[in-house]
Amino acid sequence: MWGPRLHLIPRVPILFQSCVASSDFGEGAHVAARYWLRVSAINSLLLSSASSSSVSWFVLASCTVVARASRAQQQPAASCTPRRVVHVEEEHRRSMLANGLGSAPPMGWNSWNHFACDGNGEDVIRETADALVSTELAAAGYKYVNIDDCWAGPERDAKGNLVANKKTFPNGIKALADYVHSKGLKLGIYSDAGSKTCAKVQPGSLGHEEQDAKTFASWGVDYLKYDNCNNGDLKPLERYPEMSKALMKAGRPIYFSLCEWGDMHPAKWGAAYGNSWRTTNDISDTWESMVSRADENEVWADYARPGGWNDPDMLEVGNGGMTNDEYIVHFSLWAISKAPLIIGCDVRHMSQQTYDILANKEVIAVNQDPLGVQGKKVRMEGSNEVWAGPLSGYRTAVVVLNRHAKDAAAITAHWDDIGLPAGTAVEARDLWQHKTVGGEFTDKITLDVAPHSCRMLVLKPLLSSRAN
Ligand code: GLA
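The chain is annotated in an unreviewed UniProt entry as Alpha-galactosidase from Oryza meyeriana var. granulata. UniProt, in the comment section headed Sequence similarities (unreviewed entry), describes the chain in these words: "Belongs to the glycosyl hydrolase 27 family." Listed in UniProt under the heading Catalytic activity (unreviewed entry), the comment for the chain reads: "Hydrolysis of terminal, non-reducing alpha-D-galactose residues in alpha-D-galactosides, including galactose oligosaccharides, galactomannans and galactolipids."

Chemist: What should I look at first to understand the sheet that holds strand 6 (residues 223-227) in this one?
Modeler: Backbone-to-backbone hydrogen bonds pair the strands of a sheet. The strands run either parallel or antiparallel. The strand order 9-8-7-6-5-4-3-10 describes an open sheet built from eight strands, whose pairing is parallel. A single partner strand is all that each edge strand has here, and the edge strands are strand 9 (309-311) and strand 10 (341-343). For this sheet the average axis-to-axis angle between neighbouring strands, irrespective of direction, equals 25°. Bridge count for strand 3 (residues 107-110) against strand 4 (residues 144-146) is three bridges, and the pairing is parallel. Along strand 4, the bridge assignment pairs Gly108 with Tyr144.

Chemist: I keep staring at the packing of aromatic side chains and nothing clicks. Help me out?
Modeler: When we look at a pair of aromatic rings, we describe it by the centre distance and by the angle of the planes. Within the structure shown, the criterion is met by 12 aromatic pairs. With 6.3 Å between their ring centres and 65° between their planes, Trp151 and Phe216 make a pair best called edge-to-face. Within this pair, whereas Trp151 is found in the loop between strand 4 and helix 6 (172-182), its partner Phe216 is found in helix 7 (residues 209-219), the two being separated by 65 residues in sequence. On the basis of relative accessible area, Trp151 is assigned to the buried category, the value being 0%. Of the residues examined, Phe216 reaches a relative accessible area of 1% and is grouped as buried. With a centroid separation of 6.2 Å and 55° between ring planes, the pair formed by Phe216 and Trp219 is classed as tilted.

Chemist: What am I meant to see in the site of the ligand here?
Modeler: Taken together, the residues surrounding the ligand are Trp112, Asp148, Asp149, Tyr190, Cys198, Ala199, Lys225, Asp227, Cys259, Trp261, Arg278 and Asp282. Separating an oxygen atom of the ligand from a side-chain N or O atom of Lys225 is a distance of 2.8 Å. Within the side chain of Trp261, a nitrogen or oxygen atom sits 3.1 Å from an oxygen atom of the ligand. Within the shell around the ligand, the residues separate by chemical class into six nonpolar, no polar and six charged.

The rules behind these values
- Residues numbered from 1 in each chain as written.
- Predicted model: local features only at pLDDT ≥ 70, side-chain atom pairs only at ≥ 80, totals over all residues.
- Heavy atoms only, no water.
- UniProt positions renumbered as here; feature names shortened; annotations may be inferred.
- Pairing = 2+ DSSP bridges.
- Helix = DSSP H or I, 4+ residues; strand = E, 2+ residues; numbered from the N terminus.
- Axes fitted to C-alpha atoms, helices over the stretch in contact; angles between N-to-C directions.
- Phe/Tyr/Trp six-rings, centres within 6.5 Å; stacked < 30°, edge-to-face > 60°.
- Buried < 20%, exposed > 50% of the residue type's maximum accessible area, 1.4 Å probe, protein only.
- Near = heavy atom within 4 Å.
- Polar contact = N/O pair within 3.5 Å; in protein donor to acceptor, adjacent residues only side chain to side chain.
- Nonpolar A, V, L, I, M, F, W, Y, C, P; charged D, E, K, R; others polar.

Written as structure tokens, this is what we have:
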């Protein structure tokens, strides 16, 4: 994931300044730089809590931003090689899971939320792969087709290997992986850091990590969701790193999704072992469950970054328990939170409304933005909320959310809350209406929001027109 790298300390402020000082910047670039620093402060990505690897990543991001600002202003390009590398960290720390995956939150589908154990089988998996391709959801980014619990037989074979359930997966997982790969997609599987999985119908991987990781790699598996049931009271940190090591040894890049439910605050340690970590208990298909998962996940925003994401659980969009507006809120919050976008409905038979949510390219682009900074709840007043987070190109993603069940509300996003400098003029793009909201906005924007609904915007500073 991050691999062996040189960590650059003492960190951002010095390197950033040396970067700024190394070329002749236009005013626009300085505005952008100030804006960026401010956004960074608000999101407190840095220093106090972030690991040195994310700090190194941030240094690169900062320089990229400034270089782009310089280009935008037609000034001489900035040399963004930091002039003064103050110190090379002696500890060339290698992430245990250096698999290079998860540079953006994963996108795909999983069997659990719709099918649970009963409907899980190879026909559903194959047909889902077909549907992802034919509906163009695959082209929109949904690449992983993930089998959840209840895919294996109740016992290991004579050699101790996991084997697919003969009734529901009669052709085995390797054949399924080959099929999914032939469609240009990737296959995910599920196991558990305990003696049995949560449904208790198949063995878990505790004590069999290397053997199971090898099996998964030999089948061509691309993603492992690793659950937390029946764990014999052993702490997660005694169990999850074992599978990380085993996956590394197995030699195939396998996205590692820690499903530890947030019990032991995995945001604090998950990045060393996995590509994402669940921060919550299981979601269900209700408004209350959905917003509470978003809230619990939001607390850990500072820990998310490319290669390691907070995971508030899979999507319920299209499963029927919420209104269309509520599902739009669900998708918007997951997108701005840089959550994995793992579809949990039956994509073979989804409605047009469901499709229009899941396939919204503008919202997906916020989730997949290369800056990889999780948005936060920046203002809350009763049931009115403003969520915001920085995007590449000095843009800002904003969700204004009305949590009231009956009353509409006019909700204002103030620049002061979302991290834009006072006086910044922006253009506002509405990502659900697919149009630019009329005019130029300075210092705030106010939007009417229906009950249990949201509006989602991308704000783009009008830097160049101001400079001209
Ligand atoms: C746990 C997980 C769920 C699902 C089930 C399967 O509850 O959190 O996402 O995988 O197990 O049994």
